[in-house]
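# What the coordinates show
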Amino acid sequence: MSKHVPPDASTSVQALQAEIIRLNKIIQALMNRAERNDSLRGSDFSLFHTAITLEEQVHRRTMELEAARLENEKITRDLRESEKQIRRLAFYDTLTQLANRSLLTDRLKHAMAASARSGCYGAVMFLDLDNFKPPNDIHGHDAGDLLLIEVANRLTGCVRSMDTVARIGGDEFVVMLGELDQDYESSMERSGIVAEKVRATIAEPYILIRTKDEDTATTVEHHCTASIGVALFIDHQASQEEILKWADLAMYQAKKEGRNIVRYFEHAS
C-alpha cells in the first residue's frame, strides 16, 4: 500500500498554493501602481479596491489550503496506521503479538542466508505445552489465553533481541536462534543452555488473574511444562520445512520420553 497522499488530495493542495501565489502577485502589482499615484481617484481607486478584494480571497484560500493540508496529514496518518494493522495481521499472532508462521518462515530464510555467509550454525526449538488443556476446560478460554500470553512473555525474556520467538498455532511455539558458533559441538552446547533455560522458565508456576469487571477478579494458579525439540541448521543444507520438521520430531521424542525435557534431532548415520 502506498504511503503517499492520494493524487486528488495532493492536486488540490498544489492548485490552492498556485492560486495563492498568483493572487499575491496581482495584489503586489496593483499596490505598487497605486502607490506611484498621488491620489486614489477614478480607476486608481478601483485598482486599490480590487487589491483589497483579492487580499480577502488570498486569506480565504489560505484558510482552505491549511484545511486541505490538515486533511492530507490525517489521510497519511490513517494510511500508515492501516499499513501497520495489515502488517500485524499478516505477520504477527493476534493474541500474543509474537511472530506467526509466515514471519517465522521469513526470518528462518534470512537466518539460513546469514549462516551461509558466517559459517555459523543456527538452531530451531519446537515447544509444545504439556499441561495446557486444564485451564481451558476448568476456567474457560480466557484463562487459556492468559496462560499463552504469559508463556510468550517468558519465552521472549529467555532469548536475545536478534532471535525470533513465534507462536504457530494452539499451544505450539518456536524459538529460532541465529549465529551460534562455527563448531557443531559448541553450537549444540550453546543452544542447549538456552533450551534448558526455556524449559525451567516455562515450568515455573503461573498466577493468572481473570478480571470479570472493575470490582471482580479471579486468581488461578496453574503449573505447566513444555516438551522441547531442537534441530541445528547451517547454510542451506536443508530446507526451511525440513528444519522445522526435524525440531517437531525431536519435540515428539521429548513427549514420548516423559515430557518437560529437551531432545535434539539426530541425523541418521
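The structure reproduced in this document is the subject of the present report. Since the model is a prediction, treat every value here as computed from it, not as a measurement.

### Details of the sheet that holds strand β2 (residues 164-169)
Strand order in the open sheet made by the five strands is β2-β3-β1-β6-β7, with mixed pairing throughout. One side of each edge strand has no neighbouring strand; the edge strands of this open sheet are β2 and β7 (262-264). Each strand axis lies, on average, 20 degrees off the axis of its neighbour in the sheet, ignoring direction. Note: β2 against strand β3 (residues 172-177), five bridges, orientation antiparallel. Bridging across to β3, A166 finds its partner in V174. Lying over the sheet, helix α5 (residues 141-158) contacts β1 (122-129), β2 and β3, oriented at roughly 10 degrees with respect to β3.

### Structural notes on the layout of surface pockets
There is about 160 Å³ of room inside the largest pocket. Lining the largest pocket are 14 residues; nearest its centre among them are Y121, L232, F233, W246 and H267. Put simply, the parts of the chain that give the lining of the largest pocket at least two residues each are α6 (184-203) and β6 (226-233). Of the residues belonging to the lining of the largest pocket, the class tally is twelve nonpolar, two polar and no charged.

### Some remarks on the pattern of salt bridges
Once the charged atoms of two side chains with opposite charge are near each other, the side chains can pair. Per the counting criterion, the structure on display carries eight salt bridges. Note that D130 and K255 form a salt bridge whose closest N and O atoms lie 3.0 Å from each other. Note that D130 is positioned in the loop between β1 and α4 (133-139) and K255 in helix α7 (residues 240-256), a separation of 125 residues in sequence. Ionic pairing is found between E196 and R199, a salt bridge with its closest N-O pair at 2.6 Å. Remark: R199 and E196 occur in helix α6; sequence separation between them is three residues, near one turn of the helix. Given the relative accessible area of 17%, R199 is considered buried. Connected via shared salt-bridge partners are D128, D130 and K255.

### A closer look at the packing of aromatic side chains
The geometry of an aromatic ring pair comes down to the distance between the two centres and the angle between the two planes. Evaluation of the coordinates by the stated rule reveals two aromatic pairs. A centroid spacing of 5.4 Å and a plane angle of 70 degrees characterise the contact between Y121 and Y184, whose relative ring orientation is edge-to-face. Of this pair, Y121 sits in the loop between α3 (101-118) and β1 while Y184 sits in helix α6; the two residues are 63 residues apart in sequence, bridging distant segments of the chain. Judged by relative accessible area, Y184 falls into the partly exposed class, the value being 33%. Summarising the aromatic geometry, the rings of W246 and F265 are spaced 5.2 Å apart at their centres and angled 5 degrees between planes, so their arrangement reads as stacked. Within this pair, whereas W246 is found in helix α7, its partner F265 is found in the segment after β7, the two being separated by 19 residues in sequence.

### Notes on the nonpolar core
With 33 residues, the main nonpolar core has M125, L127, L129, L155, F173 and V198 as its most contacted residues. Elements represented by at least two residues in this core include exactly β1, α5, β3, α6, β4 (206-211) and β6. Sorting elements by how many residues they give to this core places α5 first, with six residues. Contact partners of L129, with chain neighbours within four places excluded, come to L148, V151, D171, F173, I202, C224, T225, A226 and K255. Core analysis: the second largest hydrophobic core is formed by 20 residues, A166, A231, F233 and W246 among them.

So, how was this worked out
Residues numbered from 1 in each chain as written. Predicted model: local features only at pLDDT ≥ 70, side-chain atom pairs only at ≥ 80, totals over all residues. Heavy atoms only, no water. Pairing = 2+ DSSP bridges. Helix = DSSP H or I, 4+ residues; strand = E, 2+ residues; numbered from the N terminus. Axes fitted to C-alpha atoms, helices over the stretch in contact; angles between N-to-C directions. Contact = heavy atoms within 4.5 Å. 1 Å grid on protein atoms, 1.4 Å probe; cavity = no way out; pocket = protein on both sides within 12 Å on 5 of 7 lines; lining within 4 Å. Points joined across faces, edges and corners; volume = space filled by probe spheres on them. Nonpolar A, V, L, I, M, F, W, Y, C, P; charged D, E, K, R; others polar. Salt bridge = Lys/Arg side-chain N within 4 Å of Asp/Glu carboxyl O. Buried < 20%, exposed > 50% of the residue type's maximum accessible area, 1.4 Å probe, protein only. Phe/Tyr/Trp six-rings, centres within 6.5 Å; stacked < 30°, edge-to-face > 60°. Core = buried A, V, L, I, M, F, W, Y, C linked by side-chain atoms within 4.5 Å.

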